Amino acid sequence: MTDAVFLENSYITAEALVDAALNGLDRNELVTVPTLRKATQWDGMGTLRGRFLGSVISGKVADRYLSDG
């Protein structure tokens, strides 16, 4: 048994990481995630993050946490 969080085949080599980072830089990517296959997933996460922040920065307690009495 190992203390590793991820499976051994989850990792990429340092060379692959650097190559991907340089390619991302050439493509003017703001963020490069070398193992993310679909870039649209990153874009979708940004959209969700924006919605989430819009919901939590209201200055009010959510109705479900208010007492009934």
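In this report, the structure presented in the accompanying data block is examined. What you are looking at is a predicted structure, and each value in this text was computed from that prediction instead of being measured.

**A word on helix 1 (residues 14-26)**
Okay, step 1: Between the first and last C-alpha of helix 1 there are 18 Å, a value that for 13 residues agrees with the 18 Å anticipated at 1.5 Å per step.
Okay, step 2: The positive-phi residue at the C-terminal boundary of helix 1 is Asn28, with phi of around 60°.

**Comments concerning the packing of aromatic side chains**
Okay, step 1: Applying the stated criterion to the full structure yields one aromatic pair.
Okay, step 2: Pairing Phe6 with Tyr11 gives two aromatic rings, centres 6.4 Å apart and planes at 85°, and the pair type is edge-to-face.
Okay, step 3: For Arg49, the ring lying beneath its charged end belongs to Trp42, and the centroid distance is 6.0 Å.

The rules behind the values
- Position labels on residues start from 1 in each chain and follow its written sequence.
- Given that the model is predicted, a residue must reach a pLDDT of at least 70 before its local features are reported, and side-chain atom pairs must reach 80 or more before they are shown or counted; all residues, however, enter totals for whole chains, interfaces and linings.
- Only heavy atoms go into the side-chain values, all of them from the structure, while hydrogens and water stay out.
- Helix and strand definitions here come from DSSP, where helices need a minimum of 4 consecutive H or I residues and strands a minimum of 2 consecutive E residues; each element is numbered from the N-terminal end.
- Here the expected length of a helix is defined as 1.5 Å per residue gap, with one fewer gap than residues.
- Between 30 and 60 degrees the pair is tilted, below 30 it is stacked and above 60 it is edge-to-face, where a pair is any two Phe, Tyr or Trp rings, Trp via its six-membered ring, whose centres lie within 6.5 Å.
- For a Lys NZ or an Arg CZ to count as sitting over a ring, it must be within 6 Å of the ring centre and within 35 degrees of the ring normal.

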